[in-house]
Amino acid sequence: MERIKKDFFMITGIAPSHLTNKIEYGYIRRDNLSKLLAEKVFEQPKLLTLLIKKIKHWLKLEKSEFTYALAGHICYLNEDYRNAERYFLKAIGRNYQNLDNWFDLAFSLYHQDSKKNKLAKKILFNFDYCVNNLKDRMFDAVALEKAFSSMKKCSHKQTEKGVITANFKNKCLKYPLLDSCQEHKLFILQVYSGLKRAGSFDGLNKKDKYIIEQIIGLLQDLGLNYEILDMHKNVKIIFSKK
């Protein structure tokens, strides 16, 4: 794997990592490889063509969680969402506890047909169920759908979580965000459901007042405290349950 990571670094200039993001860590995302890679490809579009060729070679050398996740990211950037789905499922097979893998799978499903779009939302709003109940099982989209269909919340704690996510989902319907902002909702959900005490995100463009207003409206509707910081051209919002 070190050979692949070194090769990847030489091509992209990005130090490769793939950290496990467990539920108990309380992060919306722990690994920023996908974000860095997306920025690099945006700056150098031809880089994607090279990476598509290289990932085939890397997968022959090593079939690991890292290479499968990397293949998924490359396919996603190439808008090849079906293969991105396939590789993220393989990454989950190597490490089902990594929330980043589940979120990446969900976003690859989100951009496909309506049925897979609905499946994506089920994963996003039931990520704790995915990690805690779907371990040691091989899945494709059909098997995942069956798993969710048979999902039963047996304990009071599970029922409470179901109420929280259902409530959150209903409130979200009032505040639709762009696809590129969906991670903001996931971040807010972690605070609202108690996985994190507080949260923050920045980089919002002040010119896009609609998105800012929608996020603020959602925070208010959920009863979360928040503070808005003016950062010249951008806005940073800090929020918490306290």
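Structural notes, computed from the coordinates. (Residues numbered from 1 in each chain as written. Predicted model: local features only at pLDDT ≥ 70, side-chain atom pairs only at ≥ 80, totals over all residues. Heavy atoms only, no water.)

Digging into helix 11 (residues 182-192)
So, step 1. Burial of helix 11 is extensive: 10 of the 11 residues sit out of reach of the surface.
So, step 2. If you check which residues of helix 11 are buried, you get Gln182, His184, Lys185, Leu186, Phe187, Ile188, Leu189, Gln190, Val191 and Tyr192.
So, step 3. Trailing helix 11 by a residue or two, glycine 194 shows a phi angle of about 95°, which is positive. (Buried < 20%, exposed > 50% of the residue type's maximum accessible area, 1.4 Å probe, protein only. Helix = DSSP H or I, 4+ residues; strand = E, 2+ residues; numbered from the N terminus.)

Some points on the pairing of strand 3 (residues 234-240)
Here is the key point about a regular strand: its side chains alternate between the two faces of the sheet.
So, step 1. Of all seven residues in strand 3, five are buried; the element is thus mostly enclosed.
So, step 2. With six bridges connecting them, strand 1 (residues 198-205) and strand 3 associate as antiparallel partners. Within strand 3, the position partnered with glycine 199 by the bridge is phenylalanine 239.
So, step 3. Between strand 2 (residues 225-231) and strand 3, which follow one another and run antiparallel, lie two residues, and histidine 232 among them has a positive phi close to 60°. (Pairing = 2+ DSSP bridges.)

Digging into the packing of helix 7 (residues 114-125) against helix 9 (residues 141-149)
So, step 1. Between helix 7 and helix 9, the least distance of the axes is 11 Å, while the angle of their chain directions is 55°. As far as their axial angle goes, helix 9 and helix 7 are oblique. Crossing of helix 7 over helix 9 shows left-handed handedness. Residues Lys116, Leu119, Lys122 and Ile123 of helix 7 lie in contact with helix 9, whose contacting residues are Ala141, Leu144, Glu145 and Phe148.
So, step 2. For the contact of helix 7 with helix 9, the per-class residue count stands at five nonpolar, no polar and three charged. (Axes fitted to C-alpha atoms, helices over the stretch in contact; angles between N-to-C directions. Parallel < 35°, antiparallel > 145°, perpendicular 65-115°, else oblique. Left-handed = near helix turned anticlockwise from the far one by under 90°. Contact = heavy atoms within 4.5 Å. Nonpolar A, V, L, I, M, F, W, Y, C, P; charged D, E, K, R; others polar.)

Digging into helix 7
So, step 1. Compared with an ideal rise of 1.5 Å per residue, which puts 12 residues at 16 Å, helix 7 spans 17 Å between its outermost C-alpha atoms and is within 8% of the ideal.
So, step 2. All buried positions along helix 7 are accounted for by Lys116, Asn117, Leu119, Ala120, Ile123, Leu124 and Phe125.
So, step 3. In this structure aspartate 113 caps helix 7, since a side-chain oxygen of it lies 3.1 Å from the backbone nitrogen of lysine 115. (Expected span 1.5 Å × (residues − 1). Polar contact = N/O pair within 3.5 Å; in protein donor to acceptor, adjacent residues only side chain to side chain.)

Here's the deal with the packing of helix 6 (residues 99-110) against helix 7
So, step 1. For the pair helix 6 and helix 7, the least separation of the axes is 7 Å and the interaxial angle reads 155°. For the element pair helix 6 / helix 7, the angle class is roughly antiparallel. Helix 7 is crossed by helix 6, and the crossing has left-handed handedness. Residues Trp102, Phe103, Leu105, Ala106, Leu109 and Tyr110 of helix 6 pack against Lys116, Asn117, Leu119, Ala120, Lys121, Ile123 and Leu124 of helix 7.
So, step 2. When the residues that make up the contact of helix 6 with helix 7 are grouped by side-chain class, the tally is 10 nonpolar, one polar and two charged.

Topic: the environment of valine 235
So, step 1. Turning to its location among the elements, valine 235 is positioned in strand 3.
So, step 2. The exposure class assigned to valine 235 is buried, which follows from its relative accessible area of 7%.
So, step 3. As for valine 235 and aspartate 202, which are separated by 33 residues in sequence, their C-alpha atoms are 5.8 Å apart.
So, step 4. In this structure valine 235 touches Phe201, Asp202, Gly203, Leu204, Lys206, Ile212, Ile228 and Leu229, once residues within four positions along its chain are discounted.

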